[in-house]
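Topology and contacts: notes
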Amino acid sequence: MTPDPKATLTQLAEVHNGSSPENSSPATNGASDSATRARGLAGLVQDFVKRARGQQPPPAAEQAPELLDLLLEGPDALVVVLRERGQIVEISRRFCEWTGRTREQLLDRPLLALFPDTEHKIVHTLYEDAGAGGVHVVEIPSGNNAPSRLIEFTSRQSDSGNGEFALLVGRDVGERAISERYLRTERDRLNTFIRAMRDGLALLDISGDVRYANPTMETFFESYELPIVCHRWLKEFARDDHSDLQGLTSAYGGRTLKLDAGDGRMFLVTRSFLFEAGKPAQLMLMAKDITEQSLIEKQNHLLELELTRESKLAEFGMLVAGIAHNLNGPLTGILGLCDLMKMKGTATSEIEQMRKQATVMRDLIANLLTKSRNERELEPRELDVREILDTELRFLEGNLFFKHQIQKKLLITDDLPTIFGVYIDLSQVIGNLLRNAIDAMYESSQKQLTVKAFVQDRHLVLQVTDTGSGMTPEVQARIFEPFFTTKPKQTEAINGGPVGTGLGLSSSRTILARYGALLDVQSAPGDGSTFTVKLPIGRKPELLPRS
């Protein structure tokens, strides 16, 4: 029986197993040669697999030709080539599919004929230098107008047959190349996103060492500062969730805390974990600078407190006005009785002194009522600045420090022009300037308040000068900022000394801006301060009523 030369290697090996040298004949020599070749190729594959596993190949007697057939049906392409002539001796089903040809069309065909000229050098190296090592990627055209494939080949020469054969193992890397290109694109996109983030990002290993920081985080902190700040932040997280330093005993979800950087800046920091094989492998800290936001929140809180205080003061002012009105009745009766006793000639010096004090008291009550009534007017009208100055100065007489320890010097020009505006606007500005001047002189050895009002270059100029401690240029640069003050808080005041919220000057400048007016200051440490207001004359600003 003559075997088919295109039969599988297993079939050829079976023919060989059924023959013996004693009863062989010329009719079976061809089959015996083919079987010997099959056995040698099977041994090649077996050796290849064993060596790939780091094992010693088994003796030839134990080699199984079925192994080659299994490999020929596997997902990778196998090509067995005669190294000397480059002819295909055996081929796997997968390689037939990739080339679009049948096994019969490929056997005994030169391998180079399947590849374009540009790939011949690499393909020739594959089978000629088989076993030299290395991986080669070649492009192989596909049949039926299908696109070409990128195949990654490794090769090895046979141990049997004097190295006559080369075994080529190929894997389609086209999809992998597409996947790798996609992953590279996504990685580059992610890297661009991370570098462009406005929030800082730092990756730390489980021991807490910084492994990566994006550009934003590097702008937040110097290289020597970042590890220190991150370590301190991790301690805050550990304290918050009662975990170890890295938070590994806490829940795996991210946590966010509002933390400081130790230099006055505030950050919103999120701690998250990156996992490998189900275990935390890295810590990620994301930091958002909220210093300005925190300052605004603090300012808003203080503003709310200030507005609450102003509201209570307004209520108190209405109460005082009611009390003053009720005092007017009995006070009028006392003055009337004093006048009657004087008319009857029964008044003594004591009665006359009582009458003078009652007159002073009546004037104070009248000033309170006038100030309260005027400040409730919210519609703009022509205002007499001299009258407002006199009212505010008389009102400050209730301050014993101002009344008994401060010398007053008033230099007010006659016939000052009126200013169109809302009464409470100008009274608030003038009152703020006077009170600031009084507070500045609280600990000064010389206490003199000078108030000037005059006309200059179509402006009504008002100047308030004190002999207080003065200000440095740094303080001057900030005195009009909301909530900036050099005075202690209400709870920190000593012996009834001055207190402040930092809203007086900023609100005064805001009010004057509605009138096109300017507020400026000149000061030097130890030389006191002079605040100057310049109000345009003859201008009717578009003022909305204050609510």
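Residues numbered from 1 in each chain as written. Predicted model: local features only at pLDDT ≥ 70, side-chain atom pairs only at ≥ 80, totals over all residues. Heavy atoms only, no water.

**Some words on a nonpolar patch on the surface**
A cluster of nonpolar residues, V135, V137 and L150, forms a patch on the protein surface that exposes about 240 Å² of accessible area. Tracing the chain through its elements places V135 in the loop between α6 (120–128) and β3 (136–140). (Patch = residues over 30% accessible without salt bridge, like charges linked within 9 Å, V, L, I, M, F, W, Y side chains within 5 Å. Areas by Shrake-Rupley, 256 points an atom, 1.4 Å probe, with all protein chains shown as cover. Salt bridge = Lys/Arg side-chain N within 4 Å of Asp/Glu carboxyl O. Helix = DSSP H or I, 4+ residues; strand = E, 2+ residues; numbered from the N terminus.)

**Concerning the sheet that holds strand β6 (residues 200–205)**
Here five strands make up an open sheet; going across it, the order is β7-β6-β10-β9-β8 and the pairing antiparallel. Each edge of the open sheet carries a strand with a single partner, namely β7 (210–213) and β8 (255–260). Between one strand axis and the next, the sheet turns by 25° as a mean value, whatever way the strands run. One ladder, built from three bridges, connects β6 with β7; its direction is antiparallel. Bridge assignment links L204 to a residue of β7, and that residue is V210. The sheet strands contacting helix α9 (residues 226–241) are β6, β7, β8, β9 (266–276) and β10 (279–289), and the helix crosses β8 at an angle near 125°. (Pairing = 2+ DSSP bridges. Axes fitted to C-alpha atoms, helices over the stretch in contact; angles between N-to-C directions. Contact = heavy atoms within 4.5 Å.)

**Notes on α6**
Restricting attention to buried positions, one finds in α6 the residues V123, L126 and Y127. One side of α6 carries all its buried residues, which in axial view fall inside an arc of 80°. Buried positions along α6 lie against β1 (77–82), β3, β4 (149–157) and β5 (165–172). (Buried < 20%, exposed > 50% of the residue type's maximum accessible area, 1.4 Å probe, protein only. Arc of directions from axis to C-beta.)

**Side note on the pairing of β4**
Judged from the five bridges that link them, β3 and β4 form a sheet pairing that is antiparallel. Counterpart to I140 in the pairing with β4 is R149. Relative to β5, β4 is paired through seven bridges, and the arrangement is antiparallel. Looking at the pairing, R156 lines up with L167 of β5.

**Describing the pairing of β6**
Consecutive side chains along a regular strand alternate between the two faces of the sheet. Burial analysis of β6 places six of its six residues in the buried class, which makes it a mostly covered element. The side-chain alternation of β6 yields two buried faces, one formed by G200, A202 and L204 and the other by L201, L203 and D205. The sheet contact formed by β6 and β10 spans six bridges and is antiparallel. Opposite L204, over in β10, you have L283 as the bridge partner. Connecting β6 to the antiparallel partner β7 that follows it, the hairpin turn spans four residues, and G208 within it adopts a positive phi of roughly 95°.

**Notes on unusual backbone geometry**
Even without being glycine, D108 reaches a positive phi, approximately 65°. As for its position among the elements, D108 is in the loop between α5 (103–106) and α6. Overall, the relative accessible area of 46% leaves D108 in the partly exposed class. Look at R458: it is not a glycine, yet its phi comes out positive at around 60°. Inspection of the secondary structure assignment puts R458 in the loop between β14 (448–456) and β15 (459–466).

**Some points on the pattern of salt bridges**
Summed over the entire model, instances satisfying the criterion amount to 14 salt bridges. Here R189 and E186 are joined by a salt bridge, their closest N and O atoms 3.3 Å apart. Of this pair, R189 and E186 both sit in helix α7 (residues 174–196), three residues apart, which is roughly one turn of the helix. Given the relative accessible area of 53%, R189 is considered exposed. Accessibility expressed as a relative area gives 26% for E186, which makes it partly exposed. We note a salt bridge from D260 to R232, for which the minimum N-O separation is 3.7 Å. Residue D260 is found in strand β8, and its partner R232 is found in helix α9; the two are separated by 28 residues along the sequence. One network of salt bridges, in which partners are shared, links R93, R94 and E97.

**Concerning the confidence of the model for the protein chain**
Looking at the protein chain as a whole, its pLDDT mean stands at 76, while 72% of the residues score no less than 70. In the model, residues 1–36 has pLDDT below 50 throughout and makes 30 contacts with residues more than four positions away in sequence or in other chains. Across residues 58–65 the pLDDT falls below 50, and counting only partners more than four positions away or on other chains, this stretch makes 12 contacts in the model. (pLDDT = per-residue confidence, 0-100.)

**Remarks on helix α14 (residues 423–440)**
The first and last C-alpha atoms of α14 sit 26 Å apart over 18 residues, in line with the 26 Å expected at 1.5 Å per residue. Burial analysis of α14 places 13 of its 18 residues in the buried class, the great majority of the element. (Expected span 1.5 Å × (residues − 1).)

**Regarding the packing of α14 against helix α16 (residues 504–513)**
The packing of two helices is summarised by the inter-axis angle and the distance between the axes. Relative orientation of the contacting elements α14 and α16 amounts to 145°, with a least axis distance of 10 Å. Of the two elements, α14 crosses α16, and the hand of that crossing is left-handed. For the pair formed by α14 and α16, the contact residues are D425, Q428, V429, N432, L433 and N436 on the first element and G504, L505, S507, S508, I511 and L512 on the second. Here the contact of α14 with α16 is built from residues that sort into five nonpolar, six polar and one charged. (Left-handed = near helix turned anticlockwise from the far one by under 90°. Nonpolar A, V, L, I, M, F, W, Y, C, P; charged D, E, K, R; others polar.)

**A short note on the sheet that holds strand β17 (residues 529–536)**
Pairing is mixed across the open sheet formed by five strands, whose spatial order is β12-β14-β15-β17-β16. Across the chains shown, the open sheet's two edge strands, defined by having one partner strand only, are β12 (407–412) and β16 (518–523). Direction aside, the axes of adjacent strands within the sheet are offset by 15° on average. Across eight bridges, β15 lies against β17 in antiparallel orientation. Considered in β17, the bridge of L462 is made with V533. Packing of helix α12 (residues 385–395) onto the sheet brings it into contact with β12, β14 and β15, and relative to β12 it is tilted by some 175°. With respect to the sheet, α14 is in contact with β14, β15, β16 and β17, its orientation differing from that of β15 by roughly 25°.

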